[in-house]
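# Structural overview
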Amino acid sequence: MPDSQPQPPSSSSDPQGSSGQSDPAALLLCGARLTDGRTVDVRLGCGRIEAVGTAGSLTPGPPRAGGTRVDLTGYLLLPAPAEPHAHGDTALSAEHGGPVSYEPEDVQRRATEAALLQLGHGATAVRAHVRMGDVQGLGALAAVLQARRSLRGLAELTAVAMPRVLTGIAGAEGLAILRDAAKMGASVVGGCPDLDPDPTGYAEAVLEVASEHGCPVDLHTDAADPARLARLAAMAGGMRPGVVLGPCAGLARLPAEVAARVADQLAAAGITVVCLPQGGCGSVDRRGTAPVRLLRAAGVRVAAGSGALRDLSNPVGRGDPLEAAYLLASRHGLRPEDAYDTVSAAARAALGLPEVRVEAGFPAELLAVRGDHLAGALSLAYSRIVVHRGRVVARTSAVREYCNSAVAAELGLPRQGRGELS
């Protein structure tokens, strides 16, 4: 990791602290609350969870350099979210006006800043979809891959190669660029079949390149054409590594019986759907959210992503996975536990990452959010502490203060602030 990368500050008892050491093997999270109501200590070592015990029962273990306790009293400890649908090449470009700059240094800066913003929200892994061809060539992809290298140790950033056209005479160059991208280091191939004159041919080309290189597929589609989706499900069925589709908002506009039939086909093919409850992205024309309850009922794995992060297609996009979970719970009727699953366990599975539980032996990819219960955390998730590979890598602290109030004191209401406000 370059010397210019920011390091988390060191502390001992500060609940927002971090070991700040290159060795992530000596971190003890004390007094954290779990979603089942238990209050526990969690010892991390070598990037994994070494032990989980009742509060006060664990020690940092054998003496090691930088051994640290982090007090998580008042925090809910969760598996960290992952971001399965980001656009790092265009992120944070809305405020500049005019065409988006694809100069490599501009793309690298935006992709790095976007990944750090999402890390601050809790996403320790980010999948960025990167446009190729036309003006961009492979330059934008090279810049995102450079951002990935500079973020090593802080977050996992992977790139999806997105060519514009893959069929006909115009598609020959795009197909060559897609193969070059896979050789360069794009770990996923994808794109937007809806924008190609031959959407089925586009999907076939992507699946062929993925098969050649043994890499996953992640395609943008509105999913408004059930016949096209049926053909795609037939082509992708059983493909390993897996196939992801998103945002699939068009499924919500289909008649219920048609959408249910398509959901069954997607489930049988093992296809994951990534919805975008916070808004769309520039690769699809229409907004909306896929019918998550219908898809889940059919057995489709549904993950939730952020999509646009303050680019022209969503100038106010936040890139916050907890906001995506909140919207799925508040607008689409998912239980808070199921809503959070879409941005954590399901999102990690969509990215091919190992499962995370707050149990011994699992990866130390964790998010601590101030609060006692998951529903409250999704509602008011302001203060957060993020752990990646067993090390605190990001923190956000929010303090709410009120003027002194006799009524508040009489009722014993909780307060974060003290004294009078100036």
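The text that follows walks through the structure, step by step, so that each part is easy to find. Owing to the predicted nature of the structure, the values given are computational and were not obtained by experimental measurement.

## Remarks on the overall build of the chain
Assigned secondary structure in the chain consists of twelve helices and 16 strands. The proportion of buried residues among the 422 residues of the chain is 53%. Partitioning the contacts of the chain with sequence separation of at least 6, the portion at a separation of at least 24 is 72%. Within the structure as shown, the chain displays about 17,600 Å² of accessible surface, and the carbon and sulfur contribution to it stands at 52%.

## Here we look at helix H1 (residues 104–121)
The first and last C-alpha atoms of H1 sit 26 Å apart over 18 residues, in line with the 26 Å expected at 1.5 Å per residue. Taken together, the buried positions of H1 are occupied by Val107, Arg110, Ala111, Thr112, Ala114, Ala115, Gln118, Leu119 and Gly120.

## Quick word on empty space enclosed by the protein
Applying the stated rule across the entire model yields two cavities of 30 Å³ or more. Every residue along the wall of the largest cavity is listed here: Ala86, Gly88, Ala111, Ala114, Ala115, Gln118, Val126, Ala128, Val144 and Leu157. Secondary structure elements with two or more residues in the lining of the largest cavity: H1 and strand E7 (125–132). By volume, the second largest cavity is sized at about 30 Å³. Forming the walls of the second largest cavity are Ala86, His87, Gly88, Ala91, Ala114, Gln118, Gly307 and Leu309.

## Quick word on the layout of surface pockets
Approximately 420 Å³ is the volume found for the second largest pocket. In this structure, the second largest pocket is lined by 19 residues; those nearest its centre are Thr35, Pro79, Val356, Arg357 and Val358. Of all the secondary-structure elements, those providing two or more residues to the lining of the second largest pocket are strand E5 (75–79), helix H9 (336–343) and helix H10 (345–350). Taken together, the residues of the lining of the second largest pocket break down into nine nonpolar, two polar and eight charged.

## Here we look at the pattern of salt bridges
In this structure the tally under the stated criterion is 18 salt bridges. The salt bridge involving glutamate 95 is made with arginine 310; its shortest N-O contact spans 3.5 Å. Of this pair, glutamate 95 sits in the loop between strand E6 (83–86) and H1 while arginine 310 sits in the loop between strand E13 (302–304) and helix H8 (321–332), and the two are 215 residues apart along the sequence. Look at arginine 310 and you get partly exposed, because its relative accessible area is 31%. The partner of aspartate 320 in a salt bridge is arginine 384, and the shortest N-O contact between them spans 2.9 Å. Pair noted here: aspartate 320 is in the loop between E13 and H8 and arginine 384 is in strand E15 (residues 384–388), with a separation of 64 residues, a long-range link. Overall, the relative accessible area of 8% leaves aspartate 320 in the buried class. Look at arginine 384 and you get buried, because its relative accessible area is 5%.

## A look at the side chain of glutamine 278
With respect to the helices, strands and loops of the structure, glutamine 278 is situated in the loop between strand E12 (272–275) and helix H7 (292–297). Separated by 3.3 Å, the side chains of glutamine 278 and serine 306 make a polar contact. The contacts of glutamine 278, once residues within four sequence positions are left out, are Gly305, Ser306, Asn314, Arg318, Gly319, Asp320, Glu323, Ala324 and Leu327.

## Details of the sheet that holds strand E8 (residues 156–163)
Taken in spatial order, the eight strands of this open sheet run E6-E7-E8-E9-E10-E11-E12-E13, and their pairing is parallel. If you trace the sheet from one side to the other, it starts and ends with E6 and E13, each paired once. If you compare each strand with its neighbour and ignore which way they point, the axes differ by 25° on average. Bridge count between E8 and strand E9 (residues 188–191): two bridges; the pairing is parallel. Each bridged residue has a counterpart across the sheet, and for alanine 161 the counterpart in E9 is valine 189.

## Observations regarding H8
One turn of the α-helix equals 3.6 residues, which is why residues spaced by three or four share an orientation. Compared with the 16 Å implied by 1.5 Å per residue over twelve residues, the 16 Å span of H8 between its first and last C-alpha is a close match. Within H8, burial applies to Pro321, Leu322, Glu323, Ala324, Ala325, Leu327 and Leu328. Just downstream of H8, glycine 333 is the residue with a positive phi angle, here 75°.

## Regarding the packing of H1 against helix H2 (residues 139–150)
Interhelical geometry of H1 versus H2 gives an angle of 45° and a closest axis separation of 8 Å. Relative to H2, H1 is oriented oblique. Crossing geometry of H1 relative to H2 is assigned as right-handed. Listed contacts from H2 to Pro104, Val107, Gln108, Ala111 and Thr112 of H1 are Ala140, Ala143, Val144, Gln146, Ala147 and Ser150. Taken together, the residues of the contact of H1 with H2 break down into seven nonpolar, four polar and no charged.

## Thoughts on unusual backbone geometry
The step from arginine 240 to proline 241 runs through a cis peptide bond, and the omega angle for that step is -5°. Of note, proline 241 is situated in the loop between helix H5 (226–236) and strand E11 (243–247). Phi is positive for leucine 92, which is not a glycine, with a value near 60°. Within the element layout of this structure, leucine 92 appears in the loop between E6 and H1. Not every positive phi belongs to a glycine, and cysteine 248 is a case in point at roughly 60°.

## Topic: the environment of arginine 357
By the element assignment, arginine 357 lies in the loop between H10 and strand E14 (366–370). Judged by its relative accessible area of 37%, arginine 357 is partly exposed. For the pair arginine 357 and leucine 78, spaced 279 residues apart in sequence, the C-alpha separation works out to 7.9 Å. In contact with arginine 357, other than residues within four places in its own chain, are Ile49, Pro79 and Phe362. A polar contact is formed between the side chain of arginine 357 and the side chain of glutamate 355, at a distance of 2.8 Å.

Rules behind the numbers
- Residues numbered from 1 in each chain as written.
- Predicted model: local features only at pLDDT ≥ 70, side-chain atom pairs only at ≥ 80, totals over all residues.
- Heavy atoms only, no water.
- Helix = DSSP H or I, 4+ residues; strand = E, 2+ residues; numbered from the N terminus.
- Buried < 20%, exposed > 50% of the residue type's maximum accessible area, 1.4 Å probe, protein only.
- Contact = heavy atoms within 4.5 Å.
- Areas by Shrake-Rupley, 256 points an atom, 1.4 Å probe, with all protein chains shown as cover.
- Expected span 1.5 Å × (residues − 1).
- 1 Å grid on protein atoms, 1.4 Å probe; cavity = no way out; pocket = protein on both sides within 12 Å on 5 of 7 lines; lining within 4 Å.
- Points joined across faces, edges and corners; volume = space filled by probe spheres on them.
- Nonpolar A, V, L, I, M, F, W, Y, C, P; charged D, E, K, R; others polar.
- Salt bridge = Lys/Arg side-chain N within 4 Å of Asp/Glu carboxyl O.
- Polar contact = N/O pair within 3.5 Å; in protein donor to acceptor, adjacent residues only side chain to side chain.
- Pairing = 2+ DSSP bridges.
- Axes fitted to C-alpha atoms, helices over the stretch in contact; angles between N-to-C directions.
- Parallel < 35°, antiparallel > 145°, perpendicular 65-115°, else oblique.
- Left-handed = near helix turned anticlockwise from the far one by under 90°.

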